[in-house]
Amino acid sequence: MDYEKNEGIYLNELLLFPDKMDGLHIWEAGIVLARYFYHSPEILQGKSVIDLGTGVGVLGITAAKYSKCKSITFSDYKKEILDNAISNVKKNKIYEDGTTIGMVFDWSDYAKLKQKYDVIIASDVIYAGTPFKDLALLMDKALNKGGEAYIMIPNERMYAPKFLEAVDEVGKFELTKIELEDPKYLVSPLKNEKEGFQHFAGLKELKFIVHKFVKVKE
């Protein structure tokens with residue numbers, strides 16, 4: 001996160017991964033959104049947080065390690081991916097019984113969710129196979145009134161309008177878009193800058209837009 005302060009997180013991830021196991025790879029959008037929370041820790045401080053489609057766990061780990069959230073739930077629909085995320089949590093020495101939770105969860109089961117949260121965080125969840133309506137209804141089901149969802153959607157995601165339409169149909173959210181242009185969000189994630197940008201070329205090629213949804217109606 002900050003080489004000068006010797007602050008960062010440690011992750012098990014794959015540059016090459018099996019089909020439909022892309023959650024074992026860290027993507028640029030997750031890196032940028034994690035940095036947003038790192039530089040603005042007050043967003044999640046003292047909040048109950050759920051990380052949707054956690055992947056390698058970069059968002060939730062950042063939330064727990066630097067934002068001091070009250071609790072963090074890591075969720076993914078594949079057990080193998082969730083297991084890797086929890087392994088990463090333990091590697092960063094932030095696992096705490098009772099406040100660090102791993103949950104295998106399919107968004108189509110949104111109606112079964114009993115827990116309410118203050119904040120949803122997610123990146124790389126808007127693509128061709130996303131069940132947009134289920135995700136929008138899950139946001140409603142999971143959040144307390146006044147709760148917030150921070151979802152990173154890079155500018156080239158052609159399915160973003162379908163997701164935004166699904167959220168609009170729920171009729172309970174206000175949306176603010178925040179483009180992250182500051183260089184502190186876009187630096188190489190590796191100390192070897194050249195290698196970092198080779199692996200994560202999107203940091204130079206994409207625009208990263210945080211979609212902040214506030215639940216204004218119960």
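About the thresholds
Residues numbered from 1 in each chain as written. Predicted model: local features only at pLDDT ≥ 70, side-chain atom pairs only at ≥ 80, totals over all residues. Heavy atoms only, no water. Core = buried A, V, L, I, M, F, W, Y, C linked by side-chain atoms within 4.5 Å. Buried < 20%, exposed > 50% of the residue type's maximum accessible area, 1.4 Å probe, protein only. Helix = DSSP H or I, 4+ residues; strand = E, 2+ residues; numbered from the N terminus. Contact = heavy atoms within 4.5 Å. Pairing = 2+ DSSP bridges. Axes fitted to C-alpha atoms, helices over the stretch in contact; angles between N-to-C directions. Parallel < 35°, antiparallel > 145°, perpendicular 65-115°, else oblique. Left-handed = near helix turned anticlockwise from the far one by under 90°.

K.L.:
Give a detailed account of the nonpolar core, specifying residues and quantitative values.
P.N.:
Core analysis: the largest hydrophobic core is formed by 36 residues, its most contacted members being Y36, F37, L44, I121 and M152. Elements with a contribution of two residues or more to this core: helix 1 (28-39), helix 2 (58-67), strand 2 (71-76), helix 3 (79-91), strand 4 (117-123), strand 5 (143-154) and strand 7 (208-215). Considering each element in turn, this core owes the most residues, 7 residues, to helix 1. Not counting residues up to four positions away in its chain, the partners in contact with F37 are I43, L44, L59, T62, S67, I121 and Y150. If you look at the next biggest cluster of nonpolar residues, it comprises 28 residues, including L113, Y117, V170 and F213.

K.L.:
Quick rundown of the pairing of strand 7? Include the residues and the values.
P.N.:
Summarising burial for strand 7: 6 of the 8 residues are buried, a large majority. Relative to strand 7, strand 5 runs antiparallel, the two being bridged by 7 bridges. Within strand 7, the residue paired with M152 across the bridge is V210. Pairing between strand 6 (residues 173-179) and strand 7: 7 bridges, direction antiparallel. Paired with E174 across the two strands is V214, which belongs to strand 7.

K.L.:
Break down the packing of helix 4 (residues 132-142) against helix 5 (residues 160-170) for me, with residues and values.
P.N.:
Angle between the axes and distance between the axes: these two values describe a pair of packed helices. The contact between helix 4 and helix 5 brings their axes to 8 Å, and the two run at 45°. Considering the angle they form, helix 4 stands oblique to helix 5. Crossing of helix 4 against helix 5: the hand is right-handed. Facing helix 4, whose interface residues are F132, K133, L135, A136, L137, M139 and D140, helix 5 presents K162, F163, A166, V167 and V170.

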